[in-house]
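# Descriptive structure summary
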Amino acid sequence: MDDLRDLYQEVILDHGKNPRNFRHPEDANRHAEGDNPLCGDRLTVYLKVGHNGLVEDVAFEGRGCAISVASASMMTEIVAGKTEEEARALFRRFHDFVTGKEEIEGADDDDLEKLIVLAGVKQFPMRVKCATLAWHTMTAAMDGENAVTTE
Ligand code: ZN
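Residues numbered from 1 in each chain as written. Predicted model: local features only at pLDDT ≥ 70, side-chain atom pairs only at ≥ 80, totals over all residues. Heavy atoms only, no water.

## Section: the coordination of the zinc ion
- Around the zinc ion, the protein contributes the donor atoms C39 (SG), D41 (OD), D41 (OD), C65 (SG) and C130 (SG), which lie 2.2 to 2.7 Å from the metal centre.
- Counting residues between consecutive donors of the zinc ion along the chain gives the motif C-x1-D-x23-C-x64-C.
- For D41, a relative accessible area of 0% corresponds to the buried category. (Donors = N, O, S within 2.8 Å, 3.2 Å for Na, K, Ca; no water. Buried < 20%, exposed > 50% of the residue type's maximum accessible area, 1.4 Å probe, protein only.)

Structure below.
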């Protein structure tokens, strides 16, 4: 279990230090700013959503702790190419998971399995806000709200 925990730490640190899709796409047609004042995480999530509801591009900018940045980075990799509905459904399950309502272990869902590295936050309610900030911000952007806060 300790080996697994080290592996999770490594993945989080890697995404935290070298976040994927850390940019502002020129052709983004939705965006929102997410603020987690308890930790000082501030992220802007950009989406390019097609007419058919397909998320063609997703990226983010901002600064925050390793967990908030790593979660945002992983989110951009997972959500690109999905429909808005699929992305929202994934967030609902991820949220249930980090708040301890659902177990992912053995989940049939590959995308959810990738997020298992964030399992450690379950024990720390403050950290749950870090891990879900980018996802809340993404759904706010989809809903046409330009700002969201964890407060
Ligand atoms: Zn944080």
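Alright, that's what it looks like, and here's the rest.
## Examining the side chain of N36
- Take N36: it is sitting in strand β1 (residues 30–36).
- What makes N36 buried here is its relative accessible area of 0%. (Helix = DSSP H or I, 4+ residues; strand = E, 2+ residues; numbered from the N terminus.)

## Describing the environment of A66
- Relative to the elements of secondary structure, A66 occurs in helix α2 (residues 66–79).
- For A66, a relative accessible area of 35% gives the class partly exposed.
- Once the C-alpha coordinates of A66 and K17 are considered, the two residues, 49 residues apart in sequence, prove to be 7.4 Å apart.
- Residues contacting A66, with those up to four places away along its chain left out, are I12 and G16. (Contact = heavy atoms within 4.5 Å.)

## Some remarks on unusual backbone geometry
- In the Ramachandran plot, N21 falls in the positive-phi region, its phi being about 55° despite a non-glycine side chain.
- Mapping N21 onto the fold places it in the loop between α1 (2–17) and β1.

## Some points on the packing of aromatic side chains
- Per the stated rule, a full pass over the model turns up 3 aromatic pairs.
- Taking the centre distance of 5.2 Å and the plane angle of 90° together, the rings of F22 and F60 count as edge-to-face. Taken as a pair, F22 in the loop between α1 and β1 and F60 in strand β3 (residues 55–63) lie far apart in primary sequence, 38 residues in all.
- According to the relative accessible area criterion, F60 is buried, its value standing at 0%.
- Taken together, F91, F94 and W135 form an aromatic cluster joined through their ring pairs. (Phe/Tyr/Trp six-rings, centres within 6.5 Å; stacked < 30°, edge-to-face > 60°.)

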